[in-house]
Amino acid sequence: MTDPAQHQAAPQATPYGTLPPASPLPQRRPVSLPRLAQMRETGEKITMLTAYDATFAAVADAAGVECILVGDSLGMVCQGLPSTVGVSLDTMAYHTASVARGLHRVQGTAWLVADLPYGTYAESREQALRSACTLMQAGAHMVKLEGGGWTAPTVEFLVQRGVPVCAHLGLTPQTVHALGGYRVQGKTEDAARTLRKEALELQNAGAAMLVLEMVPAALAAEITAELPHCHTIGIGAGNGTAGQVLVLHDMLGVNLGKMPKFVHNFMQDAGSVRGAMEAYVQAVKQGRFPDNTLHAW
Ligand SMILES: Nc1nc(=O)c2c([nH]1)NC[C@@H]1CN(c3ccc(C(=O)N[C@@H](CCC(=O)O)C(=O)O)cc3)CN21
Ligand SMILES: CC(C)C(=O)C(=O)O
Ligand SMILES: [Mg+2]
């Protein structure tokens, strides 16, 4: 153990007066897959927020958010598109690089996940690997892709080649036109069984993380219990998952249309963006967000 007192610098004389001693740099270790596994074992909830630029990413990191997602929701939030379907790989790489630079500027510790956008991983495993490499070289630590059983061979192919993968089940926004809208998924017994089977297949394929979007709270909790090696991150999926994610703009209360029901505005009582993020982290860690009595589908 190092003695924090030894790191105390002396007061610094400058032409403008004596500056107080510099405070020691925070000794925060980068978030890694072993660290996430450790959190899972100890039952500490994992927090994730989206970020699309350097500054917001750095602030989220400083607020203690463990995982930053460069989501393809940036198509809707930043580009004003009607869905995430129109987002290109170049655009994802541009925002991923911006976020990565923001984290480096402040000695960021967050785990950086980037969405593979529509049409960049469905054609073949080779296409998926090429797309994933573009995002990893832009600074991502992990890529995320949407879809059930059919993605398992792709996940396995990427993981074997050293690309950590986050899967995404339930409401998968890239297939909004096939799903017929942004609807709750896994409501029937049949659909729930399929979801559970797909989640297991994805863990077996090596996915280390799984976003569960808009699925019943009880189902999300069941899947979480069945996946010790794949950390479930819920959005509109109740509070029984290993972690939570929200779109940054949503939790700050700024949006273009109607807010999904699962969103909470953390800015309202916070007074600052940093404060809102800290309140989100606390609420998730303490199991206060989301509140299953409010929107447990
Ligand atoms: N700003 C933003 N927040 C998101 O959470 C988000 C995006 N954009 N873009 C990509 C996807 C799309 N998502 C969405 C979009 C709309 C609803 C929505 O309108 N939900 C309604 C309907 C629920 C229902 O019909 O059952 C809701 O009231 O929650 C939910 C998730 C989640 N993602
Ligand atoms: C809503 C989250 C999980 C996402 O995929 C995104 O922001 O694109
Ligand atoms: Mg996405």
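Residues numbered from 1 in each chain as written. Chains lettered and ligands numbered in written order. Predicted model: local features only at pLDDT ≥ 70, side-chain atom pairs only at ≥ 80, totals over all residues. Heavy atoms only, no water.

- An unreviewed UniProt entry annotates the chain as 3-methyl-2-oxobutanoate hydroxymethyltransferase originating from Acidovorax carolinensis.
- The Subunit (unreviewed entry) comment attached to the chain in UniProt states, word for word, "Homodecamer; pentamer of dimers."
- The annotation that UniProt attaches to the chain under Function (unreviewed entry) is "Catalyzes the reversible reaction in which hydroxymethyl group from 5,10-methylenetetrahydrofolate is transferred onto alpha-ketoisovalerate to form ketopantoate." (UniProt positions renumbered as here; feature names shortened; annotations may be inferred.)

1. Comments concerning the environment of Gly-102
No. 1: Structurally, Gly-102 can be placed in helix α4 (residues 89–105).
No. 2: Relative accessible area serves as the criterion here: at 5%, Gly-102 is assigned to the buried category.
No. 3: Gly-102 sits 49 residues away from Asp-53 along the chain, and the two C-alpha atoms are 7.3 Å apart.
No. 4: Non-local contacts of Gly-102, meaning those with residues more than four positions away in its chain, are made with Ala-54 and Ala-58. (Helix = DSSP H or I, 4+ residues; strand = E, 2+ residues; numbered from the N terminus. Buried < 20%, exposed > 50% of the residue type's maximum accessible area, 1.4 Å probe, protein only. Contact = heavy atoms within 4.5 Å.)

2. A closer look at the side chain of His-231
No. 1: Residue position: His-231 is located in strand β9 (residues 231–235).
No. 2: Given a relative accessible area of 5%, His-231 falls into the buried group.
No. 3: For His-231, the side chain forms a polar contact with the side chain of Arg-40, separated by 3.1 Å.
No. 4: Apart from residues no more than four positions distant in its own chain, His-231 is found in contact with Leu-36, Ala-37, Arg-40, Ile-46, Ala-208, Met-209, Leu-210 and Ala-242. (Polar contact = N/O pair within 3.5 Å; in protein donor to acceptor, adjacent residues only side chain to side chain.)

3. Considering the coordination of the magnesium ion (ligand 3)
Around a metal, the perfect tetrahedron of four donors has angles of 109.5 degrees, and the perfect octahedron of six donors has angles of 90 or 180 degrees.
No. 1: Looking at the magnesium ion (ligand 3), the protein donor atoms are Asp-72 (OD) and Asp-115 (OD), and they sit 2.2 Å from it. Remark: Asp-115 occurs in strand β5 (residues 111–115) and Asp-72 occurs in the loop between β4 (67–70) and α3 (74–77); sequence separation between them is 43 residues. Both residues of the pair, Asp-72 and Asp-115, count as buried. (Donors = N, O, S within 2.8 Å, 3.2 Å for Na, K, Ca; no water.)

4. Here we look at the site of ligand 2
No. 1: Inspection of the region around ligand 2 gives Thr-50, Leu-69, Gly-71, Asp-72, Ser-73, Asp-115, Lys-144, His-168, Val-211, Glu-213, Ile-235 and Val-247 as its neighbouring residues.
No. 2: One of the side-chain nitrogen or oxygen atoms of Ser-73 is found 2.6 Å away from an oxygen atom of ligand 2.
No. 3: A distance of 2.9 Å separates an oxygen atom of ligand 2 from a polar atom in the side chain of Asp-115.
No. 4: When ligand 2 is considered free in solution it has 250 Å² of accessible area, and contact with the protein chains removes 95% of it. (Near = heavy atom within 4 Å. Areas by Shrake-Rupley, 256 points an atom, 1.4 Å probe, with all protein chains shown as cover.)

5. Looking at the packing of aromatic side chains
No. 1: Summed over all chains, the structure comprises four aromatic pairs.
No. 2: Judged by centre distance (5.5 Å) and plane angle (80 degrees), the rings of Phe-266 and Tyr-280 are edge-to-face. Residue Phe-266 is found in the loop between α10 (248–251) and α11 (273–285), and its partner Tyr-280 is found in helix α11; the two are separated by 14 residues along the sequence.
No. 3: One aromatic cluster is present, built from ring pairs that chain together Phe-266, Tyr-280 and Phe-289.
No. 4: The lysine or arginine in question, Arg-161, covers the ring of Phe-157, its NZ or CZ lying 3.6 Å from the ring centre. (Phe/Tyr/Trp six-rings, centres within 6.5 Å; stacked < 30°, edge-to-face > 60°. Lys NZ or Arg CZ within 6 Å of the ring centre and 35° of its normal.)

6. A word on the packing of α4 against helix α5 (residues 125–137)
No. 1: Where α4 contacts α5, the two axes come as close as 8 Å, and the packing angle between them is 25 degrees. Comparing the axis directions of α4 and α5 gives the class roughly parallel. As α4 runs across α5, the sense of the crossing is right-handed. Contacts between α4 and α5 involve Leu-89, Met-92, Ala-93 and Thr-96 from the former and Ser-131, Thr-134 and Leu-135 from the latter.
No. 2: Residues that form the contact of α4 with α5 fall into these classes: four nonpolar, three polar and no charged. (Axes fitted to C-alpha atoms, helices over the stretch in contact; angles between N-to-C directions. Parallel < 35°, antiparallel > 145°, perpendicular 65-115°, else oblique. Left-handed = near helix turned anticlockwise from the far one by under 90°. Nonpolar A, V, L, I, M, F, W, Y, C, P; charged D, E, K, R; others polar.)

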